[in-house]
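These are the residues of each chain, in order.
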Amino acid sequence: MPVKLTVTGAAAVAHAMRQINPDVVAAYPITPQTPIVEYYAGFVSDGIVDTVMVPVESEHSAMSAVVGSAASGARTMTATAANGLALMSEIVYIAASYRLPIVMPIVNRALSGPINIHCDHSDAMMVRDSGWIQFFTENHQEAYDFTIMATKLAEKENVLLPAMVNLDGFITSHGVESFEMLDDEVVREFVGSWNPKYSLLNTKNPVTYGPLDLFDYYFEHHRQQEEAMKNAYKELPGVFEEFEKISGRRYDFLDLYKVDDADYLMVVLNSTASTAKYVVDQLREEGHKVGLVKPQVFTPFPKKEFQQVLNGRKGVVVLDRAMSFGKEAPLYSLVKSSLYEVASRPSLGSYIYGLGGRDTTPEMIREAFEDALQGNLIADEQRYLGLRE
Amino acid sequence: MVPNIRDIVGYVETHDWGFTQGHRLCPGCNAPMVANWATLAAKSMGYEPVVAAATGCLEVSSTIYPFTSWNVPYIHNAFENVAATISGAEAAYRSLLNRGKIDNDKIKFIAFAGDGGTYDIGLQSLSGAIERGHDFVYILYDNEGYMNTGNQRSGSTPPGADSTTAPVGKAISGKLQLKKSIVDIVAGHEGVYAATAATAEPWDFMRKMQAALEFKGPSFIAMLAPCVRFWRIPDDSGPEVTKLAVETKYWPLWEYNMGVYKVTKKPKTFKPVKDYITKLGRYSKLMKRPDANEILEELQNYVDAKWDRLLALEEISKDKPIRTKI
Ligand SMILES: Cc1ncc(C[n+]2csc(CCOP(=O)(O)OP(=O)(O)O)c2C)c(N)n1
Ligand code: SF4
C-alpha cells in the first residue's frame, strides 16, 4: 500500500533512490542538494540499502566516477546543483556521448557569479545541450515520481541516455510537504534490473570506451545521440502509461491546467507553476479565460505538444528563471521557435523572474497575465518580474 | 603467486598481450612499453586487467576510432580524471560482486596517465582516489612534459629542459622551478604502495608491478619513460637514457609501502649528473648559456642531497610501517 509521507523534497528524492537501490552512488555535497546525499549516506550506513557509496572529493570526480561505474554496467546515480553541475559539465557531456543511463537529481540553484545559494534554473540551462534528458518537477510528488521514471527511460535499449530530474532549490528540496510513496517492491519491479549489453567488467569481450573520435566518425556519433533523443521522446508516453498503472498518477510532456477554453496561457517550469495555478484560479473567478502550461519534459523538447496547445490562442507569456545574456531567454526562445510553424500564432511575451531565489508572488504572476489580457505583449521585449529597475 | 621472469616470457609466447599492435605512438616512444609491461605483469599473474587512461599521447595514439590497440577492457574519460574514473569502475565491481551480479574475482584495475594528467591537472582526482582507498594500480609514464600538445612544461619538467611554454631563452634559462617529487606526494597519503621505475629496468618494474597488484588498496608507480621526440634523443635510446638517469641519481629507484622506504637499486658508484643532461637534446640550449655550469652544479647538489635523504628514510623506517591496514 502506498503511504503518505510528510517530509522535505530532498528526503522524497532520497526515498526514490533508496527504492531504486542503485549499485553505486558517487556524490559531493552542495547546498541545496546536500540533504539528498546525506539521507542516502544514512541509508547506506544503516544497511537499509547495499549500494556502494563513493564520497568523492569534488563534483568533477563524482561525474567521472559515475561514468566509470556506469560503463562497468552498474546502475549509477549522483545528484548536484549549480556550481557542482558547472564543475561536472565537462564530464556531463562525456557521459551522454558514452550513452550511459545515469540518473541525476539536480536541485536547481543560481549559478555563480556572484555566488548565491537560492533557486533559479541557470544551472540546468547551462547544460541543456549536453545530451541529457531533462525533467522538471513542481513538487515533492513529481520529484519522487520522475526520479523513478527517469531510471526506466534512461535504460531503454534504444535510448541509453543519462537523465536529470530538476527540482527547485529550497522551495522543493527543503520545503516540507506530503507525497505518496509507493511500495518498495512496486518500485523495484517497475525499474527492474539493469543488464547492459556492454560492460567494462566483461573481460571476455573487451570493449574500448572513449576512443579518439575524429572527423570520420564523430559527426555520425552525434547524429546517433540525436536519434537516441528522438527515441526517448517516443518511449516517454509508454513510460508515463506504465507509471500510471502502478501509481494512478498520469503524467505527460506538458502539464496542462485549465487550458481547454483558455485564450491566454502562461508557460513556466517547476514550483512556480503552483503559484501560477493559484493565480489562474483567481483570474478565472474574475471571468478571464486563462490557463497554464508546465513542461515536465524539457529535453527532448516537446515541440509538437507545444504547437498543439499554443496554436490559435490569443496570447502566451513565457516565464524564465534563467537568462541567456545577449539572447532570448532559454525557455522563451524554444517556445517562440516552435510557434514558427503553427497556423495561428499567439502574441508572445518573455518574462524573467525569480533569479537568485527572488520571491515570486501571485501579484507578479498576475502582472504578466494582465499584460496579455490587455493586449500588451511585445515578442521582442524581455520583461522582468519583481525587479527593482 | 608472483611469477618469475621465465613464467612471464612463457606467458608472452602463448598468450595475447593486453596492449597490442596498430597504435600510432612515435617510433621509439617509451609509453607503450609501460602499457605492455603493466598489462603483461597482471595477466601473467592470472589477473584480468581493466584499464583506464587519461588524455595524452598514450591515449590518443592507441584508440583512434574505429581501431583500438587495447586487448583488454579500456576506458578513457578525460584528461584530469583517470583516478576518479577508475574509482567508479572499482566501486561498481565491488557492488556487482556483493550483489552476485558478476562472479569474476580476477579483475584488477590499472590506470595510466602522463605527467600532466598526474602531477598537475589530475592531482586532485588522484589524491581523492588514493585517500578513499580504492583498489587500483596507477601507472604514471613520466616524460616530463605535455607531449601530446607539443612539448609544454609540466610540474614534472626539470629546470633547464627546453619546452615551448618555458623555453630556454636569452634572458631566462627555461623552467626555473624544480620537478615535483610525485612519489613523495603519493606517499604522503600513507596507506599506499608507491614506487619509482625506469624503462631501463624492466625487471625492477615487473617486481614493483607485482607488489602493486598484490597490494590491497591504492598503489602507484612512476615510470621514467622518455619522449624521444621532444627530449631530442635517438629513437632507440629511451631505455639507455633512463639507465643513465638511475646511474646519476637523477631518478633513484625506490619504493614506499605503508611508511617503509626501500631503495631498490644502489649503485656502488655514481656518474655525474652532467653525463645524463648532456645526452639529451632538450638541454642543448641550456648548455650554451654562460650559467650552464652553475645550473648543473645546483642540480648535482640537489640530487646528492635527495639520495642521502632517501638512504636516511630507508634506515629510520626499516621494519616500522606507520599503517598496517587501509
Ligand atoms: C581539461 C583539458 N585541458 C587541456 C587539455 C589538452 N591536453 C590534452 S593532453 C594534454 C597534455 C598531456 O600531457 P601528459 O599528461 O604529460 O601526457 P603526454 O602527452 O606527455 O603523454 C593537454 C594539455 C585537455 N584535453 N583537457
Ligand atoms: S610525442 Fe613523445 S610521448 Fe608522444 S608518442 Fe611521440 S615520443 Fe611518445
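Keep in mind that this is a model prediction, so the values were computed, not measured. (Residues numbered from 1 in each chain as written. Chains lettered and ligands numbered in written order. Predicted model: local features only at pLDDT ≥ 70, side-chain atom pairs only at ≥ 80, totals over all residues. Heavy atoms only, no water.)

**Q** Kindly report on the layout of surface pockets, identifying the contributing residues and their values.
**A** All names here are of chain A. By volume, the second largest pocket is sized at about 490 Å³. Every residue lining the second largest pocket is counted, 21 residues in all, and those nearest its centre are Ser122, Ala322, Met323, Ser324 and Phe325. Where the lining of the second largest pocket is concerned, the elements lending two or more residues are helix 5 (122–126) and helix 11 (330–338). No other element matches the 3 residues that helix 5 contributes to the lining of the second largest pocket. Of the residues belonging to the lining of the second largest pocket, the class tally is 10 nonpolar, 7 polar and 4 charged. (1 Å grid on protein atoms, 1.4 Å probe; cavity = no way out; pocket = protein on both sides within 12 Å on 5 of 7 lines; lining within 4 Å. Points joined across faces, edges and corners; volume = space filled by probe spheres on them. Helix = DSSP H or I, 4+ residues; strand = E, 2+ residues; numbered from the N terminus. Nonpolar A, V, L, I, M, F, W, Y, C, P; charged D, E, K, R; others polar.)

**Q** Talk me through the domain arrangement of chain A; I want residue IDs and the actual numbers.
**A** Accessible area lost upon the coming together of the parts serves often as the stated size of an interface. Residues and elements named next belong to chain A. With domains assigned, chain A is organised as domain 1 (3–247) and domain 2 (254–384). One C-alpha centre belongs to domain 1, the other to domain 2, and the line joining them spans 28 Å. Taken together, the 29 residues of domain 1 in the interface contact 28 residues of domain 2. The junction of domain 1 with domain 2 conceals about 2,100 Å² of combined surface from both sides, 54% of it contributed by carbon and sulfur atoms. On the domain 1 side of the contact with domain 2, Phe136, Glu138 and Tyr233 bury the most area, a combined 31% of that side's loss. Scanning the region where domain 1 abuts domain 2 turns up 3 salt bridges. Taking the shortest distance from any N to any O, the salt bridge between glutamate 142 and lysine 294 comes out at 2.7 Å. Our count for the contact surface shared by domain 1 and domain 2 stands at 17 residue pairs in polar contact (both at pLDDT 80 or more). Counting residues per element, the ones that place at least two in the side of domain 1 that touches domain 2 are helix 5, strand 6 (133–136), helix 6 (140–154), strand 7 (163–168) and helix 8 (218–247). With 5 residues, the single largest contributor to the side of domain 1 that touches domain 2 is helix 8. Of the residues belonging to the side of domain 1 that touches domain 2, the class tally is 15 nonpolar, 9 polar and 5 charged. (Domains from an automatic or database assignment. Contact = heavy atoms within 4.5 Å. Buried area = accessible area lost by both parts, 1.4 Å probe. Salt bridge = Lys/Arg side-chain N within 4 Å of Asp/Glu carboxyl O. Polar contact = N/O pair within 3.5 Å; in protein donor to acceptor, adjacent residues only side chain to side chain.)

**Q** Could you give me a rundown of empty space enclosed by the protein, with the residues and numbers involved?
**A** Residue and element names in this part refer to chain B. As enumerated under the stated definition, the model contains 3 cavities of 30 Å³ or more in all. The computed volume of the largest cavity comes to approximately 390 Å³. Where the lining of the largest cavity is concerned, the elements lending two or more residues are helix 7 (182–187) and helix 12 (292–317). Counting residues per element, the lining of the largest cavity draws most heavily on helix 12, which supplies 8 residues. Considering only residue class, the lining of the largest cavity consists of 16 nonpolar, 2 polar and 6 charged. The space that makes up the second largest cavity amounts to roughly 40 Å³. Lining the second largest cavity are Lys108, Phe109, Asp135, Phe136, Val137, Ala212, Leu213, Phe215, Gly217 and Ser219. For the lining of the second largest cavity, the elements supplying multiple residues, two or more each, are strand 3 (107–114) and helix 8 (202–214).

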